Every structure is written in structure tokens, then in C-alpha cells.
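# Remarks on the overall topology
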Amino acid sequence: MKKLLLILLFCRISMLGGITPEQLNKVLGVPLIGNNAKEWTLPALQQRAKIRFSGNAGRFSAKIRSRIAGAMPVEMIVYTTGKNQQIKRISVIYANKGDTGKRYSSRIKEDKRNIDSTLSKVLGQSRRNSFQSGNLRVKADMWHSNCADIFLEVNKNDFTMLHLIPPGSGKKASGSGEKDYSGHVKRNKFGDVFIPDVPMVDQGPKGYCVPATVERVFLYYGIAIDMHHLADIGNSSSEDGTDTGQMLKDITQIRRRAGLKMEQNKSLSTKTVARYIDKGYPLFWIMYSTSGLDKVYNFSRKNRSQAKTPDEWKRMLKKISIPADNEGPHMCLIIGYNRETNEIAVSNSWGDAHIAPLWIPMKAASKVSREILVFIP
């Protein structure tokens, strides 16, 4: 009886916010919670949890191979701000329709049950609440404490996610408030003009190129909306991918709340690309990811840096050509151009290796292009 009273008292203290970071980290199984603002930074988290994150521009991710809060996650995403990489939110991704396979529906329920049970034993019963993810208001089961707010978000048909928000950061406004993005544009002596700091979102093996690419642009404009939310909105699947037109229609309200307009253009040219890149606006490129284009990628990756001048590189580019093809519908970003060599720079949502611009000649790009789109603040 005495033991039971102690447990109940501990739970009561927890619900009132009296749990310590050490106690909460023990419940989570991984030391994610910091003791103070200095420990709520990405470098401190990496050192504390012995997790190596990849990414850039305020979004970092890592594959996770240990249980967190009683369930086995797929990935952890950390959103940061400022030069010291202060953490705004940690999101732990569990079972989901993109990564988990045919059993994802039952796994989502199982993970939800295990996480809820693990946290409730110490933090008490959760209460229904919501938090802001970009311009999307997310409803979830919430546990409040003095050292973090924890949200268990479950979409029975799509995913289970656990979000940890540091004290005092849950009500920060979304969006960067920035209007002039031309300062993001870099130029070099080779004639390259490009945007180097578009956040990377790795879509992984699932067919989420559209949600991942849209998330990247939202993040670039300071709007944190996870690709799993976007995949749910656009009814994406790992097998069939995403209906791009439908997704763009479905996120219209989110885009407009963020103050973003959209322009579409069927014509792919260096002149058109330059008009947007010079202002710091990355472009969505709807195209076909073909085997011929892969050869162009590889040729550029291996040889472009060896050319001493744009003219020398133009002569080398004469060696390559690709046929028109409509295999592998895909979306990626155009993040740069070079007028002298008549190239565009692309970035696929395939991890850190694709953060840097990958240059391809316009004559090759036009063979696989379908449409370009752009969000304008």
C-alpha cells in the first residue's frame, strides 16, 4: 500500500511539472532532455545522446536504432534556430505508411499504445491539446512538465510521432518574416549562381519526393511542416507516390496563410530560372528521373570541378546527351543556374550528398522536364 501511494505521489508530482530532466530522460530511454537552454542545442544533444545528425539550415535528422519511450522509432528530426543551433523541437518518427511496410497500420496502433503507457506511468494521464507546426495546427495527446512539453501525435492511417518542445518555445510564431531573399544567393567566378542554404529533407526509400521537396521550401521560408503531414494531406503512398496537382491544391490554405503565392511555368529556360533564383526563390521541378539523366548527373559530378574555365566545361559537355523519356515521374528543386554554360543546378531530396548543387546542361534538362513551379513570399 505504501509503495502504491509513493507511485501515485510521484505521478502527481510529475503532472504538476516537478519531474527532473534526468527522470524524464530515464523514461524516454535516451537523454534527449536538456537541463537548461545551453543543453537544448544540437551540439549538446549530439554529445549527450551519442547521436550523429545530418542536415543543414535548421533541420537535422538521424536514423535511430534504440527504443524511445517504449517503442522503436525510424528517425529523429531536430529543428533548430540561430548560430548556436538552439533546438525548437525534437520529433521522433515511429511506424508510418512510408517506411514501415504492409503492417504499418497495426504497428502505428502498437507504437501509440506502448508510448502512451510508458509516459503515462510517470507523467500521468495525457490531455488533448495542440501545437503549431508551421501554419498547421496539430492536435495531439500532451504531457506537460517543467522541462519539456511532450506531444504524442497519431494518425491511424499514416503515422505515429512524438514531439518534444523545450520550455517557452511552444508558442513561437511560424515563418521567418523575411521578405527579401536575394541575400541567400551566392555567385562564383565560374559563373554559377545558386542558393546554398535550402534545408535538406531526406525522403528515404519511400515515394515521398513531393512531400519532402515541398517541406524543404516551406522550411526555407521559415515554416516547419513535416513531410509526413504533407503526405497525409496529399494522400501520398510509398508505392504510388503523390498526385502533385492534388497536393498543391490541398496545401493552398497553408501556403496562403504563410503569405506565399504560387506561379507555374511550362517553359524551362535559363532566363526563366534566373528570374526567380536571382531573388532567392528555389523552384520546384516536375520532371522524369531517367537512367539517361543519372548518367548526366554522374558525368557532371566527376568532371565539372576539373574544368578550369566555363568554355572548357562547355566543350566537355558536348560529349553527353540523353534521349527524351517519361520514366520515373519525380519532383526535385532547381536551386541555381549558369548563363555561360547554359546549365541549371538541381537538388534532390536524397540526403546530405545532394545539398550541394548538382549541375546539368539545359539541353539535357529540357528532355525530361514537365513543369516548374515556385512559391513567392
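Computed from a prediction, not measured in an experiment: that's the story for all the values here.

With that settled, the discussion passes to the packing of aromatic side chains. Throughout the structure, instances matching the rule amount to seven aromatic pairs. Ring geometry for Phe218 versus Phe375: centroids 5.8 Å apart, planes at 45°, classification tilted. Of the two residues, Phe218 is situated in helix α5 (residues 209–220) and Phe375 in strand β16 (residues 369–376); the sequence distance between them amounts to 157 residues. Just as Phe218 is buried, Phe375 falls in that class too. In textbook terms, an aromatic cluster arises when at least three aromatic residues are bridged by ring pairs, as seen for Tyr181, Tyr220 and Tyr221.

This part is about the pattern of salt bridges. Pairing is possible between side chains that carry opposite charge, provided their charged atoms lie close to one another. Enumeration according to the criterion identifies nine salt bridges in this entry. Note that Lys97 is salt-bridged to Asp158, the shortest N-O span being 2.8 Å. Remark: Asp158 occurs in the loop between β7 (149–155) and β8 (159–165) and Lys97 occurs in the loop between β4 (86–96) and α4 (104–123); sequence separation between them is 61 residues. Asp158 carries the same exposure label as Lys97, and that label is buried. Among the salt bridges present, the one from Arg304 reaches Asp192, with a minimum N-O distance of 2.8 Å.

Right, let's talk about the environment of Pro73 for a bit. Note on placement: Pro73 falls in the loop between β2 (59–63) and β3 (75–81). Overall, the relative accessible area of 6% leaves Pro73 in the buried class. Measuring from C-alpha to C-alpha, the distance between Pro73 and Asp158 comes to 14 Å, with 85 residues separating the pair along the chain. Filtering out sequence-adjacent residues up to four positions away, Pro73 remains in contact with Ile64, Ser66, Arg67, Ile68, Val92, Ile93 and Tyr94.

Taking 1.5 Å of rise per residue, twelve residues should cover 16 Å, and α5 covers 17 Å from first to last C-alpha, within 8% of that figure. Those residues of α5 that fall on the buried side of the exposure criterion are Cys209, Val210, Pro211, Ala212, Thr213, Val214, Glu215, Arg216, Val217, Phe218, Leu219 and Tyr220. The positive-phi residue at the C-terminal boundary of α5 is Gly222, with phi of around 85°.

A few words on the side chain of Asn25. By secondary structure assignment, the location of Asn25 is in helix α2 (residues 21–28). You can call Asn25 buried: its relative accessible area is 11%. Looking at Asn25, its side chain comes within polar contact range of the main-chain nitrogen of Ile33, at 2.7 Å. In contact with Asn25, other than residues within four places in its own chain, are Val30, Pro31, Leu32 and Ile33.

Once that is clear, we can look at unusual backbone geometry. The residue Ala57 is not glycine, and still its phi comes out positive at about 50°. As for its position among the elements, Ala57 is in the loop between β1 (54–56) and β2. Even without a glycine there, the phi angle at Gln85 is positive, about 55°. Relative to the elements of secondary structure, Gln85 occurs in the loop between β3 and β4.

The topology assignment puts Asp192 in the loop between β9 (186–187) and β10 (193–194). Residue classification places Asp192 among the buried residues on the basis of a relative accessible area of 5%. Here Asp192 is in contact with Lys186, Arg187, Arg304, Tyr337, Asn338 and Trp359, once residues within four sequence places are set aside.

Spatially, the eight strands line up as an open sheet ordered β1-β2-β3-β4-β8-β7-β6-β5, and their pairing is antiparallel. The two strands at the open ends of the sheet, each matched to only one other strand, are β1 and β5 (127–133). Adjacent strand axes in the sheet meet at a mean angle of 25°, parallel and antiparallel pairs treated alike.

In the predicted model, the protein carries a mean pLDDT of 90, and 92% of its residues have values of at least 70. Predicted confidence is poor over residues 1–17, with pLDDT under 50, and the contacts of this stretch with residues over four places away or in other chains come to 16 contacts.

Here Tyr297 is to be found in helix α10 (residues 291–303). Looking at Tyr297, the relative accessible area reads 4%, which means it is buried. Taking the C-alpha atoms as reference points, Tyr297 and His144, separated by 153 residues in sequence, lie 49 Å from one another.

Further remarks concern the nonpolar core. For soluble globular proteins, the rule of thumb is that nonpolar side chains tend to be buried together. In terms of nonpolar packing, the biggest core is built from 65 residues, with Trp285 and Ile344 touching the most fellow members. Excluding residues within four positions of it along the chain, Ile344 makes contact with Leu268, Val273, Trp285, Ile334, Gly336, Tyr337, Leu358, Trp359, Ile360, Met362 and Ala365. Core analysis: the second largest hydrophobic core is formed by 36 residues, Ile51, Leu123, Trp143 and Leu162 among them.

Bringing the packing of α2 against α4 into the picture now. Any two packed helices are characterised by how steeply their axes cross, that is the angle between the axes, and by the distance between the axes. In the contact formed by α2 and α4, the axes pass within 10 Å of each other and the chain directions differ by 155°. As far as their axial angle goes, α4 and α2 are roughly antiparallel. Like other packed secondary-structure pairs, α2 and α4 cross with a definite hand, here right-handed. Note on element contacts: α4 touches α2 through Thr118, Leu119, Val122 and Leu123, opposite Leu24, Val27 and Leu28. Here the contact of α2 with α4 is built from residues that sort into six nonpolar, one polar and no charged.

Thresholds, definitions, all that
Residues numbered from 1 in each chain as written. Predicted model: local features only at pLDDT ≥ 70, side-chain atom pairs only at ≥ 80, totals over all residues. Heavy atoms only, no water. Phe/Tyr/Trp six-rings, centres within 6.5 Å; stacked < 30°, edge-to-face > 60°. Helix = DSSP H or I, 4+ residues; strand = E, 2+ residues; numbered from the N terminus. Buried < 20%, exposed > 50% of the residue type's maximum accessible area, 1.4 Å probe, protein only. Salt bridge = Lys/Arg side-chain N within 4 Å of Asp/Glu carboxyl O. Contact = heavy atoms within 4.5 Å. Expected span 1.5 Å × (residues − 1). Polar contact = N/O pair within 3.5 Å; in protein donor to acceptor, adjacent residues only side chain to side chain. Pairing = 2+ DSSP bridges. Axes fitted to C-alpha atoms, helices over the stretch in contact; angles between N-to-C directions. pLDDT = per-residue confidence, 0-100. Core = buried A, V, L, I, M, F, W, Y, C linked by side-chain atoms within 4.5 Å. Parallel < 35°, antiparallel > 145°, perpendicular 65-115°, else oblique. Left-handed = near helix turned anticlockwise from the far one by under 90°. Nonpolar A, V, L, I, M, F, W, Y, C, P; charged D, E, K, R; others polar.

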